[in-house]
Structure formats: C-alpha cells, structure tokens
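Results of the structural survey
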Amino acid sequence: MEKLTTILSTAIPLPTENVDTDQIIPARFLKATDKQGFGDNLFRDWRFDKEGNINKNFVLNDSRFSGNILIAGNNFGCGSSREHAAWALADYGFKVIISSFFADIFKGNALNNGLLPIQVPEKYLNQLLAKVTEKPSTELAVNLEQQTLKTPVGEIPFEIDPYKKTCLLNGYDDIDFLISKKEKIEAFETVRLSQ
Amino acid sequence: MGKTLFDKVWDAHVVDSVKNGPQVLYIDKHLIHEVTSPQAFQELEERNIPVARPDQIIATADHNTPTINQHLPIQDTLSRKQLQQLTQNCQKNKITLYGLGHKYNGIVHVIAPELGITQPGMTMVCGDSHTSTHGAFGTIAFGIGTSQVAQVFASQCLLIQKPKKMRVTVNGKLRKNVLPKDVILYIISKLGTNAGTGYFCEYAGNVFEEMSMEGRMTVCNMSIEMGARGGIIAPDKTTFNYLRGRKFAPKGDDFDKKVTYWKTLRTDADAVFDIEYTFDASDIEPMITYGTNPGMGIKISESIPEINDATFEKSLAYMGFHKGELLLEKEINYVFIGSCTNARIEDFRVAATYVRGKQKAANVTAWLVPGSQQVAQQIAKEGLQEIFETAGFQLRQPGCSACLAMNDDKIPQGEYCVSTSNRNFEGRQGQGAKTILASPLVAAATAIAGKIVTISEEIEEPQFA
C-alpha cells in the first residue's frame, strides 16, 4: 500500500447525500478478477448516459474542478460491501474523501486501500462545499500526522483510529499484523475446539 | 453489569486486542462467492501466503450466474471467467464449492442457513453486505471488503473495532398481511439509512419471537440498509427446531449439548445498549418504497411525503414521482420475487397462496427466482410451480439475479419493478430501472393487478407442504 502523509490539492464537490456503492461502481463492472482499471467506470451512470455520451452536468465532467480530494454529501459509501468502490475512487486518482458521515464498510475498505476518509461536521462540510463550488481553485491541505484539515473555511482536526493511522503513514496493511499473531490464534483455536 | 447477546458472542471470539485500537476477532465460518474473492486469492498468491483454514470456508456461485439454461456454458466471457476463477481458486486451496448446477448451489445467504452451516454463537463473514442475514440465528455475521476477505484467508481472523450496540424492540400484534419484510421496511423508514452505522442491532420483542426463522432472516438481512453492520436475534426453540436435522448441524448428543450453550445466548436483563428504539406492531402496514434508498418507504396507502431537500428531490426525479403522490393504482410492468431477502420457501408459499386461481396482468413480466436449488425443488414438490406457471409467472433458476442485475436479468430503462429485494438504488436492477421494494405478498398482488394495489383479502397461513 502507498504511504499517505500530507496532501495539498484542489477538490471536487459532490453534494449529493447517501451516495451508495452501486453509484460509485455499478454491479455490471464487477466481473473483473483483478483490481485494475476500475477508475474508468467510477460513477459510470452519472458520468455517461446509456449511449455512452458524456453527461456535462456531472461534476467529474466539469473542467473547472479537479484534484485528488472528493467532497461528498452525508452518508457516503452506503450499501454494498464491494471494495471495488474504493478501488475505483483510488484508481481515478482520489486520495482523500471528505464527508459529514461515512458508511462503515466503505470506510474500512477505503482505509485498506490508502484512501483517507475525513469526517467533518455537517456545517463545516456545507461551508466547504459552497466555497469550493464558488471558487474551484480553492486548495485544501490535509496533514495525516497532525490529523488536521486546513481550508479557507477553517482549520479543523479529524479523527482516525491510531492503528489505521500508523498503517497509512507507513503503507502497512492488516495481513502482516494478523500473521504476526499466528501463535495466539492457534492457542485460541486449541481452547475453542476443546470446549 | 450484564452483557448483551452481541457482547457474549463477540467477547468469546476475541483473540487479542491492539492498545487503543482494533481487536483480533476469530471467525468461525467464512462464506465466499465469485465477485469479491478473486482479488483476495490473488493478494495471498502474490505474497505467498497459504489459506489458513480452508475447511472453515464455504464457496458458492450466485451473484453473476445466469438464471436460465444453467446447464449450458455461460455466454458472457467475463462472467464465465469469473466463475472459472472461483472454481480454480477453490480447487487449488481445497475449499468446498457449491458451484453452478450443484444440488446445494444458491445465494450464499440462503444456502448456509438451509444447510445448517449457520449456527448460534458463531462469527461469520462474507464479502457481501447482506451477511447480516445470518444474525437471525444469534450469530455475529457481517459483510466485509475484499482486503478483509484476504485477511481472513490468511489468518482466520479479522482486525476490527467492536461496534456499538443498538436494540430495536417491536411489541404488539401485527395486522393482517403484514410480513417480516414490511416490519423491516417500516423500521428503516422510521430510522433512516444511517441510524445504524457503527452499531450492531439486536431485534427484540414478541414480534420477532413469534417470527419464523425465514422471517427473522428477512429482517436481519436488511439491517445493513439502515447502516448497521449486522442484526442479531436471540436463538430460541424456533431456532433449534429449524436447525435440528440439517446437513451440517450437530447431531445427537452433540446437538443437545449445543442447545444448552445456545440457550445462554440471551441479553441479560441489566445489560445496557448504546441506543434503543421501540415500535408498536399495530402501526405497521404493508410497505412500499418510493425513492432511491431503502429508508424512503411508506405504508402502501400513504402518499409520498413533502420534503424540501435537494437529495430528496433528485431521488423523486429519478423515480418519476412527485411530492404528495399516491402510488396506489400506479401501473407496473415488472415484478421480481427473489434475492437473499425474500427467496426462501415461505416467500414463495405466501405469494402462491395469493396467486392461486388468479392470472397475472397482461402488461406484467413476473420473475420468480428461488434462493437455492433446494428452494427450487421445494417449489416444485409443493405444487407451487404449477400455481405460478398457470398464472403466467416465469420461474427461473437460483441466483442473485435482478436484485443487482449483474447477469442478464435486468429491468429495462425507465421501467418500474416491484421487487422483493433489498435495495432501490438508482440503476440497481439495470440502468435507468426504477425499483419499488415490497414484500412477496405485495409483489404477487402487483403482478396480478398490473398496478400497485391494497390487498383486501386476508392471506391465511399458507397451506402447502
């Protein structure tokens, strides 16, 4: 996993609430057996119509907006557990998602792919969405070590599980950690099987 | 202080804890399918890590399988490759696979309970958010991402924060024609799609106590639709009777010994939940959804609420509905009875009870997709197949089908579908398709009328079997 420390970037505003993982990556694109190329179909049915024509009204097709931070409405990533949603966002180039609320499974999937979900208060989110929409060149600064998000709307701290923070900062993943627990797991199994 | 049912099962599975961080949770059963497992197998292979406990993994093919002509080679190249990959991965790693055509094949959350794999007090995971279904047995069961599938492959454990605890209590007498699906749609309509996020939800009260195992599965299945990682119901006599004699359930004295333990899996009277909700059963009526998330539900006789909010309006625009609109009498051309929510034998029994002696409306295409081969056989054995086929319904072969439309079972652009599945997201059942979630009874009635209707006749306990 790639290390993530600080990010300085413009952002793309997507104020829609309850963006579900079916919108992030529709089921018909889940037939691949590897993790590559999902970014091409990120938000497919919002970016393109059924005939494959570009939907100019969708923010990812609006040339004024760019950057590797997505600012999304409340309850981002709800629905299906498909990690393909996190792969698609990361493959498209996003490194940070800011929202006032994230669905559980999505949040875990994002963290497991070096994609940082930053939860901010709803009021802050709305101000930030308005600011970025009005001035697309607005830059946002994320500092994972300090756990801060700095924008023209203000500098605020964000929370992250300390273990996950260490993983992101160093590019570690959970498999290495779990394998290091092998003896404890086997001891647990021995007791459990005897019960 | 007492413990909740959830605490009892969770705490019995904690191998280790990271200071100020997650816990190492032991997983008893790991269910896998073709869509969310290939990248996990690939990850292990690249890192040269073996699958730790292949005998605790059960695989099935369900998401991406055709529901007609399953005996023929799969037409779609990518789908065929994905299924071949699953077969290869299972063979290579000595994992039991109930693949396409196997007598135990079916939707992962239908087959594990019917085979007795799901048992009280277990921890179960699957790369599928509706793994919450298995909580009906007093099991901690939840969906995980593919990175976590790889973690469980590698260690039979998950690194995870213990969720908070929530309880939803429903007491009282349910009205006529109110099914378990209506109960959960009602709860989600009251609480919203993120009330459960960060929580594990116990369902309590006489309504759930009196429910069949299949009804409890329908309820727990949709826990994720209010954001909860899982749902859980205390195991009782209904649970034990359901399990007794199933293929992988304990046998003889072992079973009785297990029952003694399972009986301890109840929330203590003095246990405290982080949050509690209580509802009155008599307020619940047959439900339908009108929007693009499962929280946007109303009683079938109610009109769409008038809410001024951009996301709400976007949702109604997609559905082609307006504020204050009554959905009764709305013409519907597609009906789908299936999915891990409502494709068990009781769902088809209740639908058949209503359909018997009637004809589907000429405008309606009605798909019935059983949850498993065993359910399909039961449908034939009990004579339901004949009832449905005489009425003009199309009985297909088992799989996830039009619930997520990964295969060819897609609802056409712009069409409404009254569906017994679990999600009404934009395009969920096909690009531009508009999903209305409902119970199998409401779905059956829609197919007969060709439009959304109230059901005036009382459906008694179905008499089949």
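Please read all numbers here as calculations on a predicted model, not as lab measurements. (Residues numbered from 1 in each chain as written. Chains lettered and ligands numbered in written order. Predicted model: local features only at pLDDT ≥ 70, side-chain atom pairs only at ≥ 80, totals over all residues. Heavy atoms only, no water.)

**Remarks on the pattern of salt bridges**
Applying the stated criterion to the full structure yields 32 salt bridges over all chains. In this structure, the salt-bridge partner of Asp28 of chain B is Arg192 of chain A, at a minimum N-O distance of 3.0 Å. In this pair, Asp28 of chain B is assigned in the loop between strand E2 (23-26) and strand E3 (29-32) and Arg192 of chain A in helix H8 (residues 182-194), connecting two distinct chains. What makes Asp28 of chain B buried here is its relative accessible area of 10%. We classify Arg192 of chain A as partly exposed; its relative accessible area is 24%. The closest approach of N and O atoms between Lys162 of chain B and Asp7 of chain B, which form a salt bridge, is 2.8 Å. (Salt bridge = Lys/Arg side-chain N within 4 Å of Asp/Glu carboxyl O. Helix = DSSP H or I, 4+ residues; strand = E, 2+ residues; numbered from the N terminus. Buried < 20%, exposed > 50% of the residue type's maximum accessible area, 1.4 Å probe, protein only.)

**Focus on the domain arrangement of chain B**
Where interface size is given, it is often the accessible area lost as the parts come together that is meant. Residues and elements named next belong to chain B. Structurally, chain B comprises domain 1 (8-275) and domain 2 (288-449). Inter-centroid distance (C-alpha atoms) of domain 1 to domain 2 is 24 Å. If you look at the interface, domain 1 gives 44 residues, while domain 2 gives 41 residues. Here domain 1 meets domain 2 over a buried area of about 3,300 Å², counting both sides, of which 56% is carbon and sulfur. Taking the shortest distance from any N to any O, the salt bridge between Arg423 and Glu225 comes out at 3.1 Å. The interface formed by domain 1 and domain 2 contains 24 residue pairs in polar contact (both at pLDDT 80 or more). Top element by residues in the side of domain 1 that touches domain 2 is helix H6 (residues 180-191). It accounts for 6 residues. Partitioned by chemical class, the residues of the side of domain 1 that touches domain 2 number 15 nonpolar, 22 polar and 7 charged. (Domains from an automatic or database assignment. Contact = heavy atoms within 4.5 Å. Buried area = accessible area lost by both parts, 1.4 Å probe. Polar contact = N/O pair within 3.5 Å; in protein donor to acceptor, adjacent residues only side chain to side chain. Nonpolar A, V, L, I, M, F, W, Y, C, P; charged D, E, K, R; others polar.)

**Topic: the pairing of strand E6 (residues 123-126) of chain B**
Residue and element names in this part refer to chain B. Where burial is concerned, the two faces of E6 agree: the one with Thr123 and Val125 and the one with Met124 and Cys126 are both buried. Bridge analysis of E3 against E6 gives 3 bridges, and the strand direction is parallel. Each residue of the ladder has a partner; that of Lys29, found in E6, is Met124. Pairing geometry for E6 and strand E7 (residues 140-143), over 4 bridges, is parallel. Pairing of Met124 across the sheet is with Ala141, part of E7. (Pairing = 2+ DSSP bridges.)

**Here's the deal with the packing of helix H2 (residues 38-46) of chain B against helix H5 (residues 146-155) of chain B**
Residue and element names in this part refer to chain B. Following both chains from N to C, one finds H2 and H5 inclined at 50 degrees, their axes separated by 8 Å at the closest point. Here H5 runs oblique to H2, going by the angle between their axes. Here the hand of the crossing between H2 and H5 comes out right-handed. Contacts between H2 and H5 involve Gln39, Ala40, Phe41, Glu43 and Leu44 from the former and Thr146, Val149, Ala150, Phe153 and Ala154 from the latter. Classifying every residue of the contact of H2 with H5 by side-chain character gives 7 nonpolar, 2 polar and 1 charged. (Axes fitted to C-alpha atoms, helices over the stretch in contact; angles between N-to-C directions. Parallel < 35°, antiparallel > 145°, perpendicular 65-115°, else oblique. Left-handed = near helix turned anticlockwise from the far one by under 90°.)

**Re the interface of chain B and chain A**
The partner chain A presents 53 residues to the 67 residues of chain B that form the contact. Summed over both sides, the interface of chain B with chain A buries roughly 4,900 Å², with 54% coming from carbon and sulfur. Arg53 of chain B is paired through a salt bridge with Glu189 of chain A; the nearest N and O atoms lie 2.6 Å apart. At the level of secondary structure, the elements contributing two or more residues to the side of chain B that touches chain A comprise strand E1 (14-17), E2, H2, helix H3 (77-93), H5, strand E8 (157-160) and helix H11 (310-319) of chain B. No other element matches H5 of chain B, which puts 7 residues into the side of chain B that touches chain A. Taken together, the residues of the side of chain B that touches chain A break down into 22 nonpolar, 31 polar and 14 charged.

**Looking at the nonpolar core**
Judged by nonpolar contacts, the single largest core of 111 residues is most densely connected at Phe43, Phe76, Leu89, Ile98 and Leu116 of chain A. Domain assignment of the residues forming this core places at least three in each of domain 1 (8-275) and domain 2 (288-449) of chain B. Once you skip the residues sitting within four places of it in the chain, Phe76 of chain A turns out to touch Val19, Ile24, Phe43, Leu70, Leu89, Ile97, Ser99, Phe101, Phe102, Ala103 and Phe106 of chain A. Residues Val152, Phe200, Met222 and Leu437 of chain B belong to the second largest nonpolar core, which totals 76 residues. (Core = buried A, V, L, I, M, F, W, Y, C linked by side-chain atoms within 4.5 Å.)

**Notes on the pairing of strand E18 (residues 416-419) of chain B**
Residues and elements named next belong to chain B. Neither face of E18 is open: one carries Tyr416 and Val418, the other Cys417 and Ser419, and all of them are buried. In the sheet, strand E15 (residues 334-337) pairs with E18 via 3 bridges, with the strands oriented parallel. By the bridge assignment, Val335 is partnered in E18 with Val418. Strand direction decides the pairing type here: E18 and strand E19 (residues 434-437), joined by 4 bridges, are parallel. By the bridge assignment, Cys417 is partnered in E19 with Thr435.

**Points about the sheet that holds E8 of chain B**
The sheet built from 3 strands is open, its strands ordered E1-E2-E8 (chain B) with antiparallel pairing. In this open sheet, the two edge strands, each paired with only one partner strand, are E1 and E8 of chain B. Within the sheet, the average angular offset between the axes of one strand and its neighbour, ignoring direction, is 20 degrees. Examined bridge by bridge, E2 of chain B and E8 of chain B share 4 bridges and lie antiparallel to one another. Within E8 of chain B, the position partnered with Val24 of chain B by the bridge is Leu159 of chain B. Sheet strands in contact with H8 of chain A are E1, E2 and E8 of chain B, and its direction is about 150 degrees off that of E1 of chain B.

**Concerning the packing of helix H12 (residues 345-355) of chain B against helix H13 (residues 373-381) of chain B**
Residue and element names in this part refer to chain B. Here H12 crosses H13 at 30 degrees, and the two axes come no closer than 10 Å. In terms of axis orientation, H12 runs roughly parallel to H13. Crossing hand, H12 versus H13: right-handed. Of the residues in H13, those in contact with Ile345, Phe348 and Arg349 of H12 are Val375, Gln378 and Ile379. For the contact of H12 with H13, the residue count by class is 4 nonpolar, 1 polar and 1 charged.

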